[in-house]
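# Commentary on secondary and tertiary structure
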Amino acid sequence: MTRFESAKEKYSRLGIDVEKAMEIASNKAISIHCWQGDDLTGFDNPDGGTGNGILATGNYMGRARTFEELTADFLKAASMIPGKKRINLHACYAIFEEGGWVDRDKIEYKHFIPWVEFAREHGFGIDFNPTVFSHPMMKNGLSLSSPDEKVRKFWIDHCIACRRIAQKIGEALGDKVLNDIWIPDGLKDIPADRLGPRMLLKDSLDKIFEEKLPNVIDCIESKVFAIGVESYTVGSSEFYISYAASHPDVYPLLDNGHYHPTEFVSDKIPALLPFFDKIPLHITRGVRWDSDHVVIFDDELKEIMKEIVRGDALDKVLIGLDFFDAAINRVAAWVIGTRNTAKALLWALLQPHETLKALQDSGNFTKNLMLLEECKTMPFADIWEEYCNRHGVPADESWYADIEEYEKTVLATRQ
Ligand code: RNT
Ligand code: ZN
């Protein structure tokens, strides 16, 4: 008997169908953010880097600078990650022909056709995001909630342009495309007016979402605070959840770096599921703040995946990633964070949810705790190894040799 067969038998004693778990995991897409590859620099302002609401730290060699470099790095990472993939784009990754630059309020589908061709060729889905930061039209840290009507209009037009691009991408791929609006709007110090900016943001969103676009899944991403924006965030959790709850086609995106450290997205998913048929996620790892460290195989990641599985919500929760570490090899960062996400999903599919639920319902909390703990030392590694083998990706740390080679032969030439 192989290790896999023996592990499979142990799981089946707990009533778990390993084959079925692997099949379900294979079919659940993970939306991989393109911005891990270049520290969110984008192509519309290559010297700009991040700023005005967002920050990547570190200076590791080899950042992708062009569409060709970014897609090559993405494919390298993707070749080491099992399962279905989507690529999550930001509007700042528009591709302009020589002399064809336009500002963000004027971008069109044509600026993303190379991405669509890339995605189609490799069987990836696409998701999309307006880029409402790192731009001179951010005034006093405000965009869609700005009292300056010129500023507000610019960003409304940008978000409308993005929804239309997302629609066309969806049409081209025969798919639905998530369009996620996140804005950094907020104040460093005590506000003189907390309501005004929120009324403006509400009005901006109403204008942005006016047009019905069947291939677009609209969502809005809240945040609690950021560096330099400590006192007030316009797009807070209450604001966006209320907005989404009162607009049937708009969904709240949960980013697990965007809450007080004692709050958990794993608990927010089942709080929203009774009300929303879609819940998009940004999975990240905040260290002390929304630092967007690379996702690791930690308790909260596993708990998030458990909630998706036991809430029977694999069709409702859209798994997306949002981390960007510029201090380590960026391709390796992609592989580590995404493999961990895929791993946690498979792990969650291998827990005895029905048994545990029955124990909770019958008030047998002692046996519940016992089983929960015993499950932690089940031979999951043997299932993961088999899962990777079946997907033709390395099952252990051996993938790293390929990254070292890639760093030497490709990334190092980008100085
Ligand atoms: C920022 C938000 C947002 C961005 C990306 C780049 O705090 O999490 O999702 O990270 O859109
Ligand atoms: Zn996010």
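Our subject is the structure that appears above.
Residues numbered from 1 in each chain as written. Chains lettered and ligands numbered in written order. Predicted model: local features only at pLDDT ≥ 70, side-chain atom pairs only at ≥ 80, totals over all residues. Heavy atoms only, no water.

## Quick notes on helix α7 (residues 237–245)
- Considered for burial, the residues of α7 that qualify are Ser237, Phe239, Tyr240, Tyr243 and Ala244. The buried residues of α7 all sit within an arc of 165° when viewed along its axis, so they share a single face. α7 presents Glu238 and Ala245 as exposed residues on the side facing more than 90 degrees away from its buried surface.
- Check the buried side of α7 and you find it contacts α6 (195–208), β6 (216–221) and β8 (250–255). (Buried < 20%, exposed > 50% of the residue type's maximum accessible area, 1.4 Å probe, protein only. Helix = DSSP H or I, 4+ residues; strand = E, 2+ residues; numbered from the N terminus. Arc of directions from axis to C-beta. Contact = heavy atoms within 4.5 Å.)

## Some thoughts on the packing of aromatic side chains
- One pass over the structure, following the stated rule, counts 17 aromatic pairs.
- Geometrically, the ring pair formed by Tyr251 and Phe276 is edge-to-face, given 6.4 Å between the ring centres and 65° between the ring planes. One end of the pair, Tyr251, is in strand β8; the other, Phe276, is in the loop between α8 (265–272) and β9 (279–283), with 25 residues separating them in the sequence.
- Of the aromatic side chains, those joined through ring pairs into one cluster are Phe67, Phe74, Trp115, Phe118, Phe124 and Trp334.
- One residue, Lys302, lies across the ring of Trp347, its end atom 5.1 Å from the ring centre.
- Note that Lys343 overlies the ring of Phe297, its terminal NZ or CZ placed 5.7 Å from the centroid. (Phe/Tyr/Trp six-rings, centres within 6.5 Å; stacked < 30°, edge-to-face > 60°. Lys NZ or Arg CZ within 6 Å of the ring centre and 35° of its normal.)

## With respect to the pairing of β9
- Along β9, five of the five residues are buried, which leaves the element largely enclosed by surrounding structure.
- Alignment of β8 against β9, held across two bridges, turns out to be parallel. The residue bridging Asp255 from the neighbouring strand is His282, located in β9.
- Following the chain from β8 across α8 to the adjacent parallel β9, one finds a crossover that is right-handed.
- Two elements, β9 and strand β10 (residues 317–321), share five bridges in a ladder whose sense is parallel. Bridge pairing links Pro280 to Leu318 in β10.
- As a crossover connection, the stretch from β9 through helix α9 (residues 299–310) into β10 is right-handed. (Pairing = 2+ DSSP bridges. Right-handed = clockwise from strand over helix to strand, strands pointing away.)

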